[in-house]
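# Understanding the architecture of this molecule
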Amino acid sequence: MSACKRLLSDVKLWSFGRSRWTSRTHEGEHRKQWPPAAGKLLRSMVVRGKALLSTCPKVCVVGGGPAGFYTAQHLIKDVQVDVYERLPVPFGLVRFGVAPDHPEVKNVINTFTQTAKHSRCSFYGNVNVGKDVSVAELLRSYHAVVLSYGAEGNRSVGVPGEHLSGVYSAKDFVGWYNGLPSCRELDPDLSCDTAVVLGQGNVALDVARILLSPLDILKKTDITQPALEALAASRVRSVLIVGRRGPLQVACTIKELREMVTLPGTRPEMTPSDFEGVKDALKDLPRPRKRLTELMMKTALERPGEKEQERWNSASRVWGFRFFRSPVEVLPDAEGKKVAAVRLAVNRLEGSGEGAQAVRSGDVEDVPCGLVISSIGYKSLPIDAGVPFDSRRAIVPNSMGRVQQVLGLYCSGWLKTGPTGVIATTMNNSFDTARSLMEDMDSGKLDVSAEKPGSLRIRALLEEKGVEPVVFSDWEKIDSLEVRRGEARGKPREKLLSVEEMLAVARS
Amino acid sequence: MAASAAVRTSMGLTLRLSRLIPDCSTCPFYRLKSCGNSSASLQRRGSFDSFRTTNRHLQTTIGLCREEDSSTAEDPEEVVNVVYIDRSGRRIPVKAKVGDNVLYLAHKHGIPLEGACEASLACSTCHVYVSDAHFDKLPEPEEREDDMLDMAPMLQETSRLGCQIVLTPELDGIELTLPKITRNFYVDGHVPKPH
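Residues numbered from 1 in each chain as written. Chains lettered and ligands numbered in written order. Predicted model: local features only at pLDDT ≥ 70, side-chain atom pairs only at ≥ 80, totals over all residues. Heavy atoms only, no water.

An unreviewed UniProt entry lists chain B under the name Ferredoxin-2, mitochondrial, with Oryzias sinensis as the source organism. Database annotation for chain B, UniProt heading Cofactor (unreviewed entry): "[2Fe-2S] cluster". Listed under Sequence similarities (unreviewed entry) in UniProt, the entry text for chain B is "Belongs to the adrenodoxin/putidaredoxin family." (UniProt positions renumbered as here; feature names shortened; annotations may be inferred.)

The name given to chain A in an unreviewed UniProt entry is NADPH:adrenodoxin oxidoreductase, mitochondrial, with Oryzias sinensis as the source organism. Turning to chain A, the UniProt annotation filed under Subcellular location (unreviewed entry) states: "Mitochondrion". Recorded in UniProt for chain A, the comment headed Pathway (unreviewed entry) runs: "Steroid metabolism; cholesterol metabolism."

### Examining the UniProt feature "binding site: FAD" (unreviewed entry) in chain A
All names here are of chain A. Per the UniProt record, the feature "binding site: FAD" (unreviewed entry) sits at Ala67, Glu85, Leu93, Val129, Trp414, Gly421, Val422 and Ile423. Annotated residues spanning 357 residues; largest pairwise C-alpha distance 25.1 Å, indicating distribution over more than one region. With respect to the secondary-structure elements, glutamate 85 resides in the loop between β2 (80–84) and α4 (92–96). Setting aside chain neighbours within four positions, we find glutamate 85 in contact with Gly63, Gly64, Gly65, Phe123, Tyr124, Gly125, Asn126 and Val127. From its side chain, glutamate 85 meets the backbone nitrogen of leucine 87 in a polar contact 2.9 Å long. (Helix = DSSP H or I, 4+ residues; strand = E, 2+ residues; numbered from the N terminus. Contact = heavy atoms within 4.5 Å. Polar contact = N/O pair within 3.5 Å; in protein donor to acceptor, adjacent residues only side chain to side chain.)

### A short note on the sheet that holds strand β4 (residues 144–147) of chain A
Residue and element names in this part refer to chain A. If you trace the five strands from one edge of the open sheet to the other, you get β3-β2-β1-β4-β16, paired in parallel fashion. The open sheet has two edge strands, β3 (121–124) and β16 (409–411), and neither has a second partner. Within this sheet the neighbouring strands show an average axis-to-axis angle of 20°, counted without direction. Two strands pair when backbone bridges link them, and strand β1 (residues 58–62) and β4 are joined in this way by four bridges, in the parallel orientation. Bridge pairing in β4 links cysteine 60 to valine 145. (Pairing = 2+ DSSP bridges. Axes fitted to C-alpha atoms, helices over the stretch in contact; angles between N-to-C directions.)

### Section: the pairing of strand β5 (residues 174–177) of chain B
Residue and element names in this part refer to chain B. On β5, burial follows the alternation: Ile174 and Leu176 on one face are buried, whereas Glu175 and Thr177 on the facing-out side are not. Direction of pairing for strand β1 (residues 79–85) relative to β5: parallel, over a ladder of four bridges. Looking across to β5, one finds that valine 83 is bridged to glutamate 175. As paired strands, strand β3 (residues 127–130) and β5 are joined by two bridges and run antiparallel to one another. The residue bridging tyrosine 129 from the neighbouring strand is threonine 177, located in β5. (Buried < 20%, exposed > 50% of the residue type's maximum accessible area, 1.4 Å probe, protein only.)

### Topic: helix α19 (residues 499–507) of chain A
The periodicity of an α-helix, 3.6 residues per turn, causes residues three or four places apart in sequence to face the same way. Residue and element names in this part refer to chain A. Inspection of α19 places Met502, Leu503, Val505 and Ala506 among the buried residues, and these make up the whole buried set. The buried residues of α19 all sit within an arc of 165° when viewed along its axis, so they share a single face. Of the surrounding secondary structure, the elements contacted by the buried residues of α19 are α4 and α18 (472–487). (Arc of directions from axis to C-beta.)

### Observations regarding unusual backbone geometry
Residues and elements named next belong to chain B. Residues other than glycine seldom take positive phi values, yet leucine 121 does so here, at roughly 55°. Inspection of the secondary structure puts leucine 121 in the loop between α5 (102–108) and β3. Given a relative accessible area of 6%, leucine 121 falls into the buried group. Unlike most non-glycine residues, methionine 154 shows phi in positive territory, near 60°. When its relative accessible area of 29% is taken as the criterion, methionine 154 is described as partly exposed.

### Thoughts on the side chain of glutamate 162 of chain A
Residue and element names in this part refer to chain A. Inspection of the secondary structure puts glutamate 162 in the loop between β5 (153–154) and β6 (167–169). Despite its burial, glutamate 162 pairs with no opposite charge, the nearest such side chain being arginine 155 at 9.8 Å. Within polar-contact distance, the side chain of glutamate 162 engages the backbone nitrogen of glycine 158 at 2.8 Å. In this view, glutamate 162 contacts Ser156, Val157, Val167 and Val330; residues no more than four positions away in its chain are not counted. (Lys, Arg positive; Asp, Glu negative; His and termini not counted. Salt bridge = Lys/Arg side-chain N within 4 Å of Asp/Glu carboxyl O.)

### Comments concerning the packing of aromatic side chains
Aromatic rings considered in pairs are described by the distance between their centres and by the relative angle of their planes. Residue and element names in this part refer to chain A. Applying the stated criterion across every chain yields a total of 18 aromatic pairs over all chains. Between tyrosine 70 and phenylalanine 112, the ring centres sit 5.0 Å apart and the planes meet at 85°, which makes this aromatic pair edge-to-face. Separated by 42 residues along the polypeptide, tyrosine 70 in helix α3 (residues 66–75) and phenylalanine 112 in helix α5 (residues 108–116) bring together distant segments of the chain. Tyrosine 70 gets classed as buried once you look at its relative accessible area, which sits at 0%. Ring centres of tyrosine 70 and phenylalanine 431 lie 5.8 Å apart, and the angle between their planes is 85°; this geometry places the pair in the edge-to-face category. (Phe/Tyr/Trp six-rings, centres within 6.5 Å; stacked < 30°, edge-to-face > 60°.)

Quick look at the structure:
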């Protein structure tokens, strides 16, 4: 958008906006016209304003998820921000990671939408940074580049049999039920009785909950239709959530645990001896850990109340934590292609609290199962050889969001700190990076005096390669189609499942 | 400068048009702090700066505006004086009224208190510290609020979620501090958060 147009739309947004928005609240009412006298004044301002806005700093954000949008939100106060996203659709893990039965967590999309529609923000989907355009080219075209592309890989368990049929990463399983295009073909086999989830964080609990939730609950969510049909036919009755350490080291949080404990149609089954010594440690724990542990102990050790006992008695599905167990092998069935069991080594703990270490005791046990989902962590991947990458920690090395080796390069979100944290954590993290960037602009460390071509140049480069970005209004076409399709089924939305479909709707 | 005159004129037009607005819930200006109550101050300033950076603290969380919400109460018994203390330590006094929600009140006054989940107890971004004198006057948090508070960084004894605090007369003088986003977030031995 040229500087003039931007100024004009800025003015419109600011002083015109209210009448426009008022008229939108009344259905069918024709939009109010801008009064002619003021319009004349506006046009004279445009000429004067052009000079002002051509020095507006331009920043590029790579990745259209929470980190990208929170970083943009903080920057658009003073700066033009262009957000580039590989998929045609924005919002990253809010769309593809948050569980379908957690719609309130997705409310943050409204905030991101407002940011995207701000006059100083532009969204460009369907652009693969690293392939369609390099980070070096972005650095040439913008005053600063913020990498916020998150963690699309996963940590591998590193045991024999990990690649057998029936073994999936939680990232892929979650991507499958949430409609991530690359996970569309996953087609997990849910015909077995027992599923083993490796890892005891919130993602592990999400997977367990989705596997065991009553259909009545799931069918009203935005879970994809193929996943819903697969779960309707699922014969999985028992989910074991396995962790190498003990109850005091689980990485999940109380909200997710409470959801498992109260999940209709299910009952919990834990090993009381796993909780030896835990009661004594309670008093020294910080509040979040204490409340979490108390709930776990209550579930594992105490007799339930009458109503709960009734629910447990009539439950057809069961779940439980298995502590002090590390996977050492995934065992195949007779034909050698599919998982038939997981061999778990028994651990004991050395040390206590967060720093406790799991040490092999020498015993093993085999757990028969037909589905293994490893939920031991996501992992960031390097997308451009020009960007420094710490492969041991799988992050872009940085100090408070500044990539030291490259002037003008920053990072935010999981790429900056590693793949842990909820949306609120990412929010703080992104605001921090934005603050570092603003400091650098104010101090002169980042030279913003020279004009940069920004998206004008990048779009020209993309056009040469035949890449057509999806702008935010194109996404809105996809969004409203998904919502309309969902309405027909009593769901908040029915997601489009392939990039081709998304692009077809975007271009229509 | 002609430009600022134009701005003032256009603001005047907008203000007149604004009297027709029936409710603020879909208006981004309610969130951008340019809505009815505070646009008067923007008009007085009239400088080009106020035009370029409409709102230094761009508040982009959508808040649902309650119909009776108004930051100017008529009845003195309805007035609740609130002080927000932002992350830089700046004190922002606000005249609120009984029944106001602390999160949406903050939005109305351009205080950068996020409300990512829009008051549905699914996040902890509206985390505030309540002044000691008033903390005990608040009703006990429900279990779901405690669960979400557990996720908030730098939890303190007087931590509450802003979206769950509704003003009553006995909360007059309450001070709400926004937790600092420390640079040493992960350096103080803090355990990496689950996700």
